[in-house]
Number of protein chains: 2
Amino acid sequence: MTHLFDDPETFAAQALQGFCDIHARLVRPVPGGVLRASATPRGKVALVIGGGGGHYPAFAGYVGPGFADAAVAGDVFASPSTRLVHDVAARAERGAGVILGYGNYAGDVLNFGAAAERLRSRGIDVRTLAITDDVASASDAERAKRRGVAGDVAVFKIAGAAAETGLDVDAVEAVARRANDRTRSFGVAFGGCTLPGAAGPLFTVTDGQMAIGLGIHGEPGIAERPIVAASELATILVDRLIAEAPANGGPRVAAILNGLGSTKQEELFVLWTAVSALLRTRGFEIVSPLVGEYVTSLDMEGCSLTLTWLDEELERFWLAPCDTAVLTVGTVTAAPAADAEAEIEDEIAAPVTPGAPASQAAGQRIAVAFTDLAAALKEAEAELGRIDAEAGDGDHGQGMARGSAAAAQAARDAAEAGAGAASVLAAAGSAWADRAGGTSGAIWGLGLAAASRTLSDQAAPGAADIGRAAGQALQAVLTLGGARPGDKTLVDAFHPFVEHLTGAIAEGQPLTAAWTKAAEAATRGAEETAGLVPRLGRARPLAERSLGHRDAGAVSFALCSHTVLKHLP
Amino acid sequence: MTHLFDDPETFAAQALQGFCDIHARLVRPVPGGVLRASATPRGKVALVIGGGGGHYPAFAGYVGPGFADAAVAGDVFASPSTRLVHDVAARAERGAGVILGYGNYAGDVLNFGAAAERLRSRGIDVRTLAITDDVASASDAERAKRRGVAGDVAVFKIAGAAAETGLDVDAVEAVARRANDRTRSFGVAFGGCTLPGAAGPLFTVTDGQMAIGLGIHGEPGIAERPIVAASELATILVDRLIAEAPANGGPRVAAILNGLGSTKQEELFVLWTAVSALLRTRGFEIVSPLVGEYVTSLDMEGCSLTLTWLDEELERFWLAPCDTAVLTVGTVTAAPAADAEAEIEDEIAAPVTPGAPASQAAGQRIAVAFTDLAAALKEAEAELGRIDAEAGDGDHGQGMARGSAAAAQAARDAAEAGAGAASVLAAAGSAWADRAGGTSGAIWGLGLAAASRTLSDQAAPGAADIGRAAGQALQAVLTLGGARPGDKTLVDAFHPFVEHLTGAIAEGQPLTAAWTKAAEAATRGAEETAGLVPRLGRARPLAERSLGHRDAGAVSFALCSHTVLKHLP
């Protein structure tokens, strides 16, 4: 959705004004568009690009040394008028001819074509270059009818570099046409886009579906099908482009994985791992790939892949330096590559010193308890996530499941290697902290480590030892985590748990009875945290109940305390 | 919505892998994060930044010469573990100490703090730096409790530059703390964000509302209120930050207008025009502003404004060169600024030569007809847009309304200046093409220009003249626009219109009768275009009927032909 505007009618012009203010080092505004802020010598071919607004960084983002000389800017999704194209190009030309570059859309063809006629009548040598990279928009037999999408960027980059080296207008035009002939794009959309001020989207894609080959203004695509995993989408994109490879294409390709507006950069990175792997499997060498937003369509959800089959000359221009708002090629401060440094040694777990038999048995029991705990937390993962999302960021279930699974594995490994109770618990705590991430991972790791330090590898822990271990774990959490009872953290469950456990043990109650009371206190603590004190069913594990709004850390602690009960000595 | 992933559990790690593949020139992967790919000399303070994933470009996008030495990367919205922070920092340190920089969130405070302890136990001088720029998250009296948001970028940029110049760890820490003390951010959200693989958003903002001060993980904000225009939002952001200015803040500020994930770059540019104007009005000098996505929150909709009150030293570091995936400061090829060139003269309309009285009267009639046409097209604007959106980009109504309004104004101006029929029509056509933009603007401009050339400024046009003018206009559209009947363009209405008009005139029918037939033929043509031939109501203007799917250009042509009817001589 487009939310930020003053007047929809002036959206494109105001956006261009803001762009010019920010990038005054690179561009200066002229009526209808922008020129480079830096001086361009006479005798250089001028590359003037443009089209409708709503496609940023296309086109003003590509003006600067090594790339375009000027960009003409229309209103949102509307070609600039003939007059504006003419005026911007007339200001940009330096006596050596002009290349007018634009996507192959009817309005742009018409307005840039008519402007070329007007410029020629002023004695300027003008060549028009309509980009035709979108393979979904027409068959290979009708390539001249294809639309221009993110291939614009590859072709204009190469043409701009050719012009910068001083080639004449015939040569720049030839390079640019060859680049266009060797460039192919293919895209998918997950959602449409909204014009500034419009009540609803300009077009839509069915929820959960992706539209294959949909045009960036909603022009009809090829098919709609359910959204697939990133790696499967990579296959769809890569294989379609390979099937459309130019006859004389070699193994070296420039690649642009382009986001259409609302597709997150990190999603593109994920997709890129699959795209790049597949391209390499198919025998391609990828040259200086671009992954990000390069030609957008307002807030459209989706992406496209562009490949340009390079030859020696095209590759040189693709890699040539440029300095624009969006793309900087060439290093600012040449820094030598890092040596293959001596990597710091990984911290390797100390070799296990076998424990005494009684403590080994306790260690094995601990490993089984962690295995059961990991299963319970995996089962509760989604519910814990849901509880956490009400107040936090919703990752608690995932972190607990991951941490406990790693702890269980480490505990089993240590127990199998003959470790005693203290070492098994220490291994579990260390693995939990290392794998879980987040706050809860660090807290559980610290707590388990503190508990393990109260135990030994020589004896099986008794009830008093276990009470002391729990107390030390709580102390570590309070000291290092900084939370107090009532702060809506796991302390709200952990604190009453320890109080009841140590109290009952001190009264001489059997461990199982003491632990049961403690687990019930933890459950009450988790519930009271949010002021909800259901009086029923408190003996059952929390995951079996209907849950209200409460702290996920306290809930998961209570769940753990119930799960461990049956593994007590 | 997050659509592109393979396994939600490995999303952050896979994204980092893709990032490293693309930016191999700048970074190399290590367990838990990235280090600079370029060598760093021993004796330089290492700046190690990090936090959870889902915030790209934070944090890996800021690793490179002049900025950070390394970034630690957690899972989505989860702090990296203590061990990962420790390991990445241990690899990055060069014997001169480490600054650990992170946003002030519980998990990060805990894990970076614990890692600092572990590093110190290895003899490394470590300073921790929790960024606290978000004014919405706690009062000024409790600044240490504030969260870190986009202010991260300003503080880390300055700290990185300070480290690069060779300052020792005490000095770098002092600069970084001063930068943090002088940095304030404030933001609004229009929508929540979706974790990879989640069925729904993590949190939501009521439709049409904006949440003021909402945290980037959905932490509670200050208030919710209806979305306002960009200029009003600028006031909310700027004035809140100014109210929070540090006691010793001067007039020079670094500014970051940050998009949270789904807010379009062009929207930020629009907002920036208002933000920058207001800051200047309030007496501030803006130093090298950044406008774009700098610290995001998956696909969250919204934005934040960050100001850092600079002093001489902070400004020097803010402006120092850096070379990272996201931010490049310093020019690649130093190019001189453009001279104040002799601007090309604006093409000025030729002065009006008064027409003969009869032709002047016809010119005035033409001006009235265009005024009526502009009113009709303004009224039909939304409907034409809707029809166009079914097959095209939805801008047809806007373009026609804008073009006809400009044409009407130009025609009235010309008629008032005494122009004859030909000159009035020529002025209208020229204005239409210049102001409408897009395909339809160019087409109408060409058609009206061709028609005007068949008329004269000496006589009032008769029926035969009008028929010839329409024929020439059609010819120009066919020749220059390249469309043929049946291509679903305005030609489908225009062609039968001209056939019936010229046929009936040739038969000697009165102009009004001939035109009526022609307009009806245009209506049929517009309808048949889409295979829809409703047999009823054909005599009424199209805008009054219920419209099916058809070409908007043909529909608007038919509407125009009906509207003009009552202005015929």
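The shown structure was predicted, so the numbers you read here are calculated from the model rather than taken from an experiment.

(A) Highlighting the overall build of chain A. A count of helices and strands for chain A gives 17 helices and 14 strands. For 569 residues, the compact-globule estimate of 2.2 N^0.38 gives 25 Å, and chain A exceeds it by more than 25% at 32 Å. Each principal axis of the C-alpha atoms in chain A carries an extent, and together these give about 105 × 55 × 45 Å. Of all intrachain contacts in chain A linking residues separated by at least 6 positions in sequence, the fraction that spans at least 24 positions is 71%. Surface summary for chain A: the accessible area is close to 20,000 Å², and the carbon and sulfur share equals 55%. Averaged over its 46 positive side-chain charges, chain A has a centre that lies 2 Å from the centre of its 66 negative ones.

(B) Focus on the packing of helix α11 (residues 396–416) of chain A against helix α12 (residues 421–436) of chain A. All names here are of chain A. Two elements in contact, α11 and α12, have axes whose closest approach is 7 Å; the angle formed by their N-to-C orientations is 145°. Read as a crossing pair, α11 and α12 show a hand that is right-handed. Facing G399, M400, R402, G403, S404, A406, A407, A410, A411, A414 and A415 of α11, the residues of α12 in contact are V424, A427, A428, A431, W432, R435 and A436. Considering only residue class, the contact of α11 with α12 consists of 13 nonpolar, three polar and two charged.

(C) Quick peek at the packing of aromatic side chains. Residue and element names in this part refer to chain A. The full count for this structure, using the stated rule, is 22 aromatic pairs over all chains. With a centroid separation of 5.1 Å and an interplanar angle of 35°, the aromatic rings of Y62 and F67 are classed as tilted. For the pair Y62 and F67, a shared accessibility class is recorded, and that class is buried. Through successive ring pairs, a cluster of aromatic residues spans W432, W444, F494, F497, W515 and F557.

(D) Molecular detail of the pattern of salt bridges. Residue and element names in this part refer to chain A. In the structure shown here, the tally under the stated rule is 58 salt bridges over all chains. R177 is the partner of E173 in a salt bridge, and the nearest nitrogen-oxygen pair spans 2.8 Å. In this pair, E173 and R177 are both assigned in helix α5 (residues 169–181), four residues apart and thus about one turn of the helix distant. Two residues, E381 and K378, come together in a salt bridge whose shortest N-O distance is 2.8 Å. According to the relative accessible area criterion, E381 is buried, its value standing at 15%. Residues participating in the shared-partner salt-bridge network are D125, R127, D170, E173 and R177.

(E) Focus on helix α14 (residues 463–481) of chain B. All names here are of chain B. When the terminal C-alpha atoms of α14 are compared, their 26 Å separation across 19 residues agrees well with the 27 Å that a helix rising 1.5 Å per residue should span. Of the residues making up α14, those classed as buried are I466, G467, A469, A470, G471, A473, L474, A476, V477 and L478. Of the residues trailing α14, G482 is marked for its positive phi of about 80°.

(F) Spatial organisation of the packing of helix α9 (residues 357–379) of chain A against α12(A). All names here are of chain A. Where α9 contacts α12, the two axes come as close as 7 Å, and the packing angle between them is 30°. Judged by the angle between their axes, α9 and α12 are roughly parallel. Contacts from S359, A362, G363, I366, A367, F370, L373 and L377 of α9 reach α12 at A421, V424, L425, A428 and W432. In terms of residue class, the contact of α9 with α12 is made up of eleven nonpolar, two polar and no charged.

(G) Fine view of unusual backbone geometry. Following B:Y56, the chain continues to B:P57 via a peptide bond in cis, the omega torsion being 10°. Structurally, B:P57 can be placed in the loop between β3 (46–53) and β4 (70–76). Note that the residue after B:A58, namely B:F59, is joined by a cis bond; omega there is 10°. With respect to the helices and strands, the residue B:F59 is situated in the loop between β3 and β4. Here the phi dihedral of A:F77 falls at roughly 60°; this positive angle occurs in a residue that is not glycine. Its location among the elements puts A:F77 in the loop between β4 (70–76) and α2 (82–92).

About the criteria used
Each chain has its residues counted from 1, running along the sequence as written. To label them, take the chains in the order written and letter them from A, then take the ligands in the order written and number them from 1. This being a predicted model, a pLDDT of at least 70 is required before a residue's local features are given, and a value of 80 or more before pairs of side-chain atoms are given or counted; all residues contribute to the totals for chains, interfaces and linings. To get the side-chain values, all heavy atoms of the structure are used, and hydrogens and water are removed first. We count a stretch as a helix when DSSP gives it H or I for four or more residues in a row; a strand needs E for two or more, and each element gets its number in order from the N terminus. Only C-alpha atoms enter the radius of gyration, while the globule expectation follows 2.2 Å times N to the 0.38, with N the number of residues. Residues are treated as being in contact if the distance between any of their heavy atoms lies within 4.5 Å. The Shrake-Rupley method, run with a 1.4 Å probe sphere, supplies the accessible areas, and residue values consider only the shown protein chains as cover. By the counting rule applied here, Lys and Arg register as positive and Asp and Glu as negative, while His and the ends of each chain are not counted. To locate a charge, take atom NZ for lysine, CZ for arginine, CG for aspartate or CD for glutamate. Simply put, an axis is a line fit to the C-alpha atoms, just over the touching stretch for a helix, and the angle between two N-to-C directions goes from 0 to 180 degrees. Rotating anticlockwise by less than a right angle from the far helix to the near helix defines a left-handed crossing, while the corresponding clockwise rotation defines a right-handed one. Residues are grouped as follows: Ala, Val, Leu, Ile, Met, Phe, Trp, Tyr, Cys and Pro are nonpolar; Asp, Glu, Lys and Arg are charged; every other residue, Gly included, is polar. Side-chain rings of Phe, Tyr and Trp (the six-membered ring for Trp) are treated as a pair once their centres are within 6.5 Å; stacked means planes under 30 degrees apart, edge-to-face means over 60, and tilted covers the remaining angles. Three exposure classes are used, based on accessible area relative to the maximum for each residue type with a 1.4 Å probe and protein chains only: buried under 20%, partly exposed in between, and exposed over 50%. Salt bridge, as used here, is a side-chain nitrogen of Lys or Arg placed within 4 Å of a carboxyl oxygen of Asp or Glu. Helix span is expected to be 1.5 Å times the residue number reduced by one. Convention used here: angles under 35 degrees read as roughly parallel, angles over 145 as roughly antiparallel, angles from 65 to 115 as roughly perpendicular, and any remaining angle as oblique.

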